[in-house]
Amino acid sequence: MGMSRVQLLQVNEGDGDQRLDRWFRRLFPQVQQGQIEKMCRKGDIRVDGGRVKSNTRVEVGQVVRIPPLPDTPAPAIVDKKISDADAKMIQSCVLYRDEHIIALNKPPGLPVQGGSKQHRHVDGLTPALRFGNDENPRLVHRLDKDTSGVLILGRSRQMAATLAEAFRHRETRKIYWAVVAGVPHPKMGTVKYGLVKAGGHGSFGEGEKMHCLHPNEVATTPGAKRATTDYAVLSPLGSRAAWVALVPVTGRTHQLRAHMAEMGHPIVGDGKYGGSSQENLGHGWGAQLGGDISKKMHLHARHLRLEHPVTRAMLSFTAPLPEHMQRTWDQMQWDPRDVELDPFEGDE
């Protein structure tokens, strides 16, 4: 087992403002946390010549002294806490990957992020999505825990930052499919209620609920944000329910769920916004359709189109429906092939 020489490494653009130990382990994943702390105590790791602790924050441009390190290669999955079953599960969700990005079809019920104790969330499973890279891929955007569908990750810190930017500005288009209670009229429209946190409990947002308000009240309401959703009815089921396409023009927390409920057409299975106990007998209210259907949320990030940040090619991802929604589609005799990929195109 060889040892490297002493190295002096500068903290690169985009790598600043993070703990020294995090920065160090990204570059040298074979080195354990305990070893980093020991090298700091002994003064073997220094920043700009001075002694540091493992939790000291490093800034862009600083020079870090790296002592000789054992050059054992990093194990394929650094995080031992990921079970083989979970690694296989998350790998089976990959819709697309190239050297820069990964697109997943996130299963319903799997949170995107969670507390540090919890590993069963997408962020905690990223070591299983390295595919030979020396850093874990990173989240670029979010989906609610019970929402399934297309989720994009950048395969490096830099790529994730570039993609996050593309999500905010460029022609990134997201189309969700949902089943809602009742049938929205008109068949196509735009919802513009502002959103403000209604206050709630739970540390990771599932406890919080968004409250809709008239667009005119947004400016004068502390914490309120403008929000815009386009919707189109793809297929009505009598008057009881409808398959709709939704485009979140803005990307606020729970936006689609709160907007549809406020219109009187909550997403089926949405206990938080749909008033879970109400059986819906037609024309709207109550997210229950009876039977098996409404136990789970019927909201799925079906389609995402974005410009590849490196090649500039237009990428288009479509995520198959999760099992519970596919059963509903079968029961309703709805066929995904009967609708256009983007029902809003041509009316811009």
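Note that the structure is predicted; figures quoted are calculated from it, not measured.

Focus on the sheet that holds strand E3 (residues 46–47)
Alright, step 1. In space, the 4 strands of this open sheet follow the order E1-E6-E3-E4, with antiparallel pairing throughout. Lying at the two open borders of the sheet, with one neighbouring strand each, are strand E1 (7–10) and strand E4 (50–51).
Alright, step 2. In the packing of helix H1 (residues 20–27) onto the sheet, contacts are made with E1, E3 and strand E6 (63–66), and the angle to E6 comes to roughly 60°.

A short note on helix H8 (residues 323–332)
Alright, step 1. Among all positions in H8, only His-324, Met-325, Thr-328, Trp-329 and Met-332 are buried. Within H8, the buried residues cover an arc of 140° as seen down the axis, which keeps them to one side. H8 presents Glu-323 and Gln-331 as exposed residues on the side facing more than 90 degrees away from its buried surface.
Alright, step 2. Looking at the packing, one finds that the buried side of H8 touches strand E11 (173–181), strand E15 (229–237), strand E16 (241–248) and strand E17 (299–307).
Alright, step 3. Directly after H8, the chain includes Gln-333, whose backbone phi takes a positive value near 60°.

Digging into the UniProt feature "active site" (unreviewed entry) in the protein chain
Alright, step 1. Within this numbering scheme, the UniProt entry marks Asp-144 as carrying the feature "active site" (unreviewed entry).
Alright, step 2. Within the fold, Asp-144 resides in the loop between strand E9 (138–139) and strand E10 (148–154).
Alright, step 3. Among the residues examined, Asp-144 registers a relative accessible area of 18% and is labelled buried.

A few points about the nonpolar core
Note that soluble globular proteins tend to have their nonpolar side chains buried in a common cluster.
Alright, step 1. Core analysis: the biggest nonpolar cluster contains 33 residues, and Leu-104, Leu-246, Ile-267 and Leu-299 have the highest contact counts within it.
Alright, step 2. Discounting chain neighbours no more than four positions away, the residues touching Leu-246 are Lys-174, Ile-175, Tyr-176, Ala-178, Thr-229, Asp-230, Tyr-231, Leu-256, Met-260, Ile-267 and Leu-299.
Alright, step 3. By size, the runner-up hydrophobic cluster in this structure holds 17 residues, among which are Ile-175, Ala-232, Ala-245 and Val-247.

Describing empty space enclosed by the protein
Alright, step 1. With the rule as written, the count across this model stands at 1 cavity of 30 Å³ or more.
Alright, step 2. Its boundaries defined by the atoms lining it, the largest cavity holds a volume of some 40 Å³.
Alright, step 3. If you go around the largest cavity, the residues you meet are His-141, Val-150, Lys-174, Ile-175, Tyr-176, Ala-301, His-303 and Leu-304.
Alright, step 4. For the lining of the largest cavity, the secondary-structure elements that each account for two or more residues are E11 and E17.
Alright, step 5. Taken together, the residues of the lining of the largest cavity break down into 5 nonpolar, 2 polar and 1 charged.

Concerning the packing of H1 against helix H2 (residues 33–41)
Alright, step 1. Viewed as axis vectors pointing N to C, H1 and H2 meet at an angle of 120°, and their least axial separation amounts to 11 Å. Relative to H2, H1 is oriented oblique. For the element pair H1 and H2, the recorded crossing hand is right-handed. Across the interface between the two elements, Leu-20, Asp-21, Phe-24 and Arg-25 from H1 touch Gln-33, Ile-36, Met-39 and Cys-40 from H2.
Alright, step 2. In terms of residue class, the contact of H1 with H2 is made up of 5 nonpolar, 1 polar and 2 charged.

What about the packing of aromatic side chains?
Alright, step 1. One pass over the structure, following the stated rule, counts 7 aromatic pairs.
Alright, step 2. An angle of 65° between the planes, with centres 5.3 Å apart, marks the rings of Trp-243 and Trp-329 as edge-to-face. With a gap of 86 residues between them, Trp-243 in strand E16 and Trp-329 in helix H8 connect regions that are remote in the sequence.
Alright, step 3. Accessibility expressed as a relative area gives 0% for Trp-329, which makes it buried.
Alright, step 4. Their ring planes at 40° and their centres at 5.6 Å tell us that Trp-243 and Trp-334 sit as a pair that is tilted.

Describing the confidence of the model for the protein chain
Alright, step 1. Scored by pLDDT, the protein chain comes out at a mean of 85, with 86% of its residues at no less than 70.
Alright, step 2. Segment residues 74–79: pLDDT under 50, and 15 contacts once partners within four positions in sequence are set aside and those in other chains are kept.
Alright, step 3. A low-confidence stretch, residues 277–287 stays under pLDDT 50, and its non-local contacts, those more than four residues away or across chains, total 43 contacts.

Rules used throughout
- Residues numbered from 1 in each chain as written.
- Predicted model: local features only at pLDDT ≥ 70, side-chain atom pairs only at ≥ 80, totals over all residues.
- Heavy atoms only, no water.
- Pairing = 2+ DSSP bridges.
- Helix = DSSP H or I, 4+ residues; strand = E, 2+ residues; numbered from the N terminus.
- Contact = heavy atoms within 4.5 Å.
- Axes fitted to C-alpha atoms, helices over the stretch in contact; angles between N-to-C directions.
- Buried < 20%, exposed > 50% of the residue type's maximum accessible area, 1.4 Å probe, protein only.
- Arc of directions from axis to C-beta.
- UniProt positions renumbered as here; feature names shortened; annotations may be inferred.
- Core = buried A, V, L, I, M, F, W, Y, C linked by side-chain atoms within 4.5 Å.
- 1 Å grid on protein atoms, 1.4 Å probe; cavity = no way out; pocket = protein on both sides within 12 Å on 5 of 7 lines; lining within 4 Å.
- Points joined across faces, edges and corners; volume = space filled by probe spheres on them.
- Nonpolar A, V, L, I, M, F, W, Y, C, P; charged D, E, K, R; others polar.
- Parallel < 35°, antiparallel > 145°, perpendicular 65-115°, else oblique.
- Left-handed = near helix turned anticlockwise from the far one by under 90°.
- Phe/Tyr/Trp six-rings, centres within 6.5 Å; stacked < 30°, edge-to-face > 60°.
- pLDDT = per-residue confidence, 0-100.

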